[in-house]
Amino acid sequence: MGKQLCPLDLPEFRTGIAQYLDIKDCVACMRVSKSWFKDLVREAWHTVDFDYNESFTQVPPDIIAKYGHLIRKTANVFKLSHVSALRHPTVDSHLELEFHVTHDFTSRAMFFDVFRQNKTSLKSLELSAHLIEAGVIHEKRRQGVFFISIDMPVSCSKLTHLCFSSLCLTRANFSDILRYSPFLNSVSIEDSMLVWHDPSSKLFRHQGIKIITASLHQVWIPDDRLP
């Protein structure tokens, strides 16, 4: 009578259960054998959430060089150490990026380097900052609202989902983001502002967006310098 096959001996089974393991359990399972390592390594590197994986900032560069291309999603990025860890050139295959904008100009500049580094694969981009409570635009400016400018790649991006929370962009920059993101189908604008519209500029109308989440005041705020 032959040896009874254990479900865990099947690569498909190991790969399937890997998605339900936390990172520590996944790493422990990878140490079982070379075949286990091969089947679980992609899941172990798939998602980096700095709320739970702060230790990722201590991963040696040579390890990131070997496995960084397996990262598909990064969440709760806001520290300079977080962005520094993601700037390795092998980290270039993100599908989802979440960045919390702070007053640290260095981390903001470096994050957009990460954004451009992943431009050929990125499908979801979420940028947020602390909520600005002031109700009118000049009050928001005095309170230091976060202005950002996103330099879209020359070639069209693959973004399908875009979210801005408590940020401020010029209307021209927002139009460029739409113009160079033909695959967008979902946009969310939460407590954010689009300002400085030039009446002489031709408005861009996106043909592919199916879902927009925003209140009217988030989509249109009159520029207090214009009639």
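Up top is the structure.
Residues numbered from 1 in each chain as written. Predicted model: local features only at pLDDT ≥ 70, side-chain atom pairs only at ≥ 80, totals over all residues. Heavy atoms only, no water.

Caption draft 1: Representation of unusual backbone geometry in the model. At N76, a residue that is not glycine, the phi angle is positive and equals roughly 55°. Here N76 lies in strand β2 (residues 73–77). (Helix = DSSP H or I, 4+ residues; strand = E, 2+ residues; numbered from the N terminus.)

Caption draft 2: Summary view of helix α6 (residues 105–117). A rise of 1.5 Å per residue sets the reference length of α6, with its 13 residues, at 18 Å; its end C-alpha atoms lie 19 Å apart and thus fit the reference within 8%. Looking at α6, one finds that the buried residues are S107, R108, M110, F111, F112, V114 and F115. For α6, the side-chain oxygen to backbone nitrogen distance between the N-cap and T106 is 3.0 Å, and the N-cap itself is D104. (Expected span 1.5 Å × (residues − 1). Buried < 20%, exposed > 50% of the residue type's maximum accessible area, 1.4 Å probe, protein only. Polar contact = N/O pair within 3.5 Å; in protein donor to acceptor, adjacent residues only side chain to side chain.)

Caption draft 3: Seen up close, the pairing of β2. Note that strand β1 (residues 47–49) and β2 share three bridges and pair parallel. Paired with D49 across the two strands is A75, which belongs to β2. Both β2 and strand β3 (residues 96–100) contribute to a ladder of three bridges, which runs parallel. When the bridges of β3 are listed, T74 appears paired with L97. A crossover links β2 with its parallel partner β3, the connecting element being helix α5 (residues 80–86), and its sense is right-handed. (Pairing = 2+ DSSP bridges. Right-handed = clockwise from strand over helix to strand, strands pointing away.)

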